[in-house]
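Residue-level structure breakdown
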Amino acid sequence: MKTTVPEFAILGHPNEGKSSVLSTLAEDDSVRISSTPGETTECRTFPVSIDGHEILRFTDTPGFQNPARVLSHFKKLKKNGSELLMEFRSIAENIPELHDDLELLTPVERGAGIIYVVDGSRPLRNVDKMEMEILRLTGKPRMAIINCKDDNFDFLDDWKMEFRKNFNSNQLFNAHRATYAERIRLLEALKSIDQDWYEPLSRVVDAFKSEWRARNSQSADIIIDLLVGCLTLKLTGTIGSSSDEQRVREKLFTRYKKKLEKKERTAQEQIRALFKHNIFNYQLPSHSLLRENILDEKNWQLLGLTPKQVIIAGGLGGATLGATLDIATLGHSLGLFTAIGGVAGALGAMFSGENLSGQAEILGIPLGGETVQVGPAKNIEMLFVLLNRALLHYRHIINWAHGRRDYPESISIEETNRNYTKDWSASRLKTCQGFFQQLKDNGEPDSEKREAFRIIILESLEEISRESRNGQTSLAKT
């Protein structure tokens, strides 16, 4: 039996945010979004497909141009629903001034549900009431979306009062800042606007959630591969003479930093593609730690283990915390690597473990001899720095609304640079310790350790998915 694909027409006055709402709901950044009113003159449909099957479609429409005239025709015709739309078409087809108004009603005439978008940051006008009356007379299932383009909510009560007269449901939805949780909540609300649509839209929501879980699963694998690649990275160089030593170490460490950056950038691009950000580059907040190098001091201060976790992890396996830093050479080393940039922070984080041995190495770099080596990482702090950076990037990319083009970032520094692992249980730390120890011993984890580590990463991704923009969990488990 052929299944009908639900369709929603995005309607409203010009320049109210219709295209932004569509782009965000359809996860399609190819939708043209313009600040110039009236640029959309023809309908354009955007299918939403999962595993190659179209499950939902949204249609972008021109804005109302002559609502007073359209409403006047509607009232003269004294009909409702499809019959009204057909008769209006026969009239409006011969009136050029009504081209946009006729065009926007085309998907409604073929059975599409209505999503009416308004900018709730401005006062309600008579022309808005006319548009709502037109949509009510179509008799189609309809929802109103209040898309506040700025943070002015003074007129919300007036809008909601009018919506209750004309729509089956209304929702507050910021298309520029909507998180995954808020998008799912809006789709869930659509199910209630018409009983006949409940089942098909339930399948759509289930399909969205299922695909999201699949994306999270792939993201977890990408993050693990990133950690394995970075933590086992090893570079060596040869010192020809004592005068050559500093230059060799500087070049070696610069290469090491660049390779870490490249591996992280590659993983970020893979996750970005998973979440369908194909055209526009997302913008990191100006205070984001992701703008800094992995070995920058702030990363190690804010994203590593907490002092309490250091103690717990030390009890689980002290060897993994061995900073292996030779105190006797500390002054020389700090000066050298600070000159290169960044690693002083890493060294500081090592000291926080207070587990200094007499071995002459920094991040695996022997501090003497003809051959020098950097990596593989010997400090489990690096695992947590890398992991928290990956989780921060994941949070940023899943909550970068597809309808967003640019706006001032309003997220606090604390939320932008949150340490997701700082409250992890001893059980989770033990899993991390086992994973890291195997990397040190064998260069790769066995399947059991990898799967255990994968599970806690996946749990973290799902927890982040359920968060609203302020970091509070707002969606039930999917």
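Residues numbered from 1 in each chain as written. Predicted model: local features only at pLDDT ≥ 70, side-chain atom pairs only at ≥ 80, totals over all residues. Heavy atoms only, no water.

An unreviewed UniProt entry annotates the protein as GTP-binding protein originating from Desulfomarina profundi.

1. Examining the overall build of the protein
How we decide: Strands here mean DSSP runs of E at least two residues long; helices mean DSSP runs of H or I at least four residues long; both are numbered from the N terminus. For each residue, the accessible area found with a 1.4 Å probe, counting protein chains only, is set against the maximum for its type, and the residue is called buried under 20%, exposed over 50%, and partly exposed in between. By definition in these notes, contact holds between two residues if any of their heavy atoms fall within 4.5 Å. For the accessible areas, the method is Shrake-Rupley and the probe is 1.4 Å, while residue cover comes only from the protein chains on display.
Broken down by element type, the protein carries 17 helices and 10 strands. For the protein, the proportion of its 478 residues judged to be buried stands at 54%. Taking as baseline every contact in the protein between residues at least 6 positions apart, the subset at least 24 positions apart corresponds to 77%. For the protein, the computed accessible surface area is about 21000 Å², with 48% contributed by carbon and sulfur atoms.

2. Regarding the sheet that holds strand β1 (residues 7–12)
Here is the rule: By this definition, two strands are paired if DSSP reports at least two bridges between them. Lines fitted to C-alpha atoms define the axes here, with helix axes fitted over just the stretch in contact, and angles between the N-to-C directions of these axes take values from 0 to 180 degrees.
The sheet built from six strands is open, its strands ordered β2-β3-β1-β4-β5-β6 with mixed pairing. This sheet does not close on itself; its edge strands, each paired only once, are β2 (44–50) and β6 (169–172). Neighbour to neighbour, the strand axes of the sheet diverge by 25 degrees on average, direction disregarded. In this structure, β1 lies alongside strand β4 (residues 113–118), joined through five bridges in parallel fashion. Pairing of Ala9 across the sheet is with Ile114, part of β4. Across the sheet, helix α7 (residues 180–190) lies against β1, β3 (53–60), β4, β5 (142–146) and β6, angled at about 150 degrees from β5, the strand it touches most. Of the strands in this sheet, β1, β2 and β3 are in contact with helix α8 (residues 198–231), which crosses β3 at around 105 degrees.

3. Notes on the pattern of salt bridges
What counts, and what does not: Within this document, salt bridges are pairs made up of a side-chain nitrogen of Lys or Arg and a carboxyl oxygen of Asp or Glu, the two lying within 4 Å of each other.
Within the structure shown, the criterion is met by 22 salt bridges. Linking Arg110 and Glu7 is a salt bridge whose minimum nitrogen-to-oxygen distance equals 2.7 Å. Taken as a pair, Arg110 in the loop between α4 (99–109) and β4 and Glu7 in strand β1 lie far apart in primary sequence, 103 residues in all. For Arg428, the salt bridge is made with Glu459, and the minimal N-O distance between the two is 2.8 Å. Of this pair, Arg428 sits in helix α16 (residues 426–442) while Glu459 sits in helix α17 (residues 447–465), and the two are 31 residues apart along the sequence. Members of the salt-bridge network, linked through shared partners, are Glu27, Arg183, Glu211, Arg215 and Lys276.

4. As for the packing of helix α9 (residues 245–274) against helix α14 (residues 381–398)
For clarity, the cut-off: Left-handed describes a crossing whose near helix is turned anticlockwise from the far helix through less than a right angle; right-handed describes the clockwise counterpart. Think of it as three bins: nonpolar holds Ala, Val, Leu, Ile, Met, Phe, Trp, Tyr, Cys and Pro, charged holds Asp, Glu, Lys and Arg, and polar takes everything else, Gly as well.
Interaxial distance between α9 and α14 falls to 11 Å at its minimum, and their mutual angle equals 35 degrees. Remark: the crossing between α9 and α14 carries right-handed chirality. From α9, Tyr256, Leu260, Glu264, Gln268, Ile271 and Arg272 reach across to α14, where they touch Met382, Arg389, His393 and Ile397. Each residue belonging to the contact of α9 with α14 can be placed in one class, and the counts come to five nonpolar, two polar and three charged.

5. Details of the pairing of β2
Side chains on a regular strand alternate between the two faces of the sheet. Relative to β3, β2 is paired through seven bridges, and the arrangement is antiparallel. The residue of β3 that forms the bridge with Arg44 is Asp60. A loop of two residues connects β2 with β3, the two strands running antiparallel in sequence, and Asp51 in this loop sits at a positive phi of about 55 degrees.

6. Notes on the environment of Pro376
Inspection of the secondary structure puts Pro376 in the loop between β10 (371–374) and α14. Taking the C-alpha atoms as reference points, Pro376 and Leu231, 145 residues apart in sequence, are found 5.7 Å from one another.

7. Let's talk about empty space enclosed by the protein
Selection rule: Cavity means a closed set of points on a 1 Å grid over the protein atoms alone, one where a 1.4 Å probe fits but cannot get out, pocket means an open set with protein on both sides within 12 Å along at least 5 of 7 lines, and lining means a residue has an atom within 4 Å of a point. Grid points are joined across faces, edges and corners, and a volume is the space filled by probe spheres set on the points.
Here the structure, examined in full by the defined rule, presents five cavities of 30 Å³ or more. Of the pockets and cavities examined, the second largest cavity occupies roughly 90 Å³. Lining the second largest cavity we find Leu25, Glu27, Tyr180, Arg183, Ile184, Leu187, Phe208, Glu211, Trp212 and Arg215. Sorting the residues of the lining of the second largest cavity by element identifies α7 and α8 as the ones contributing at least two each. Taken together, the residues of the lining of the second largest cavity break down into six nonpolar, no polar and four charged.

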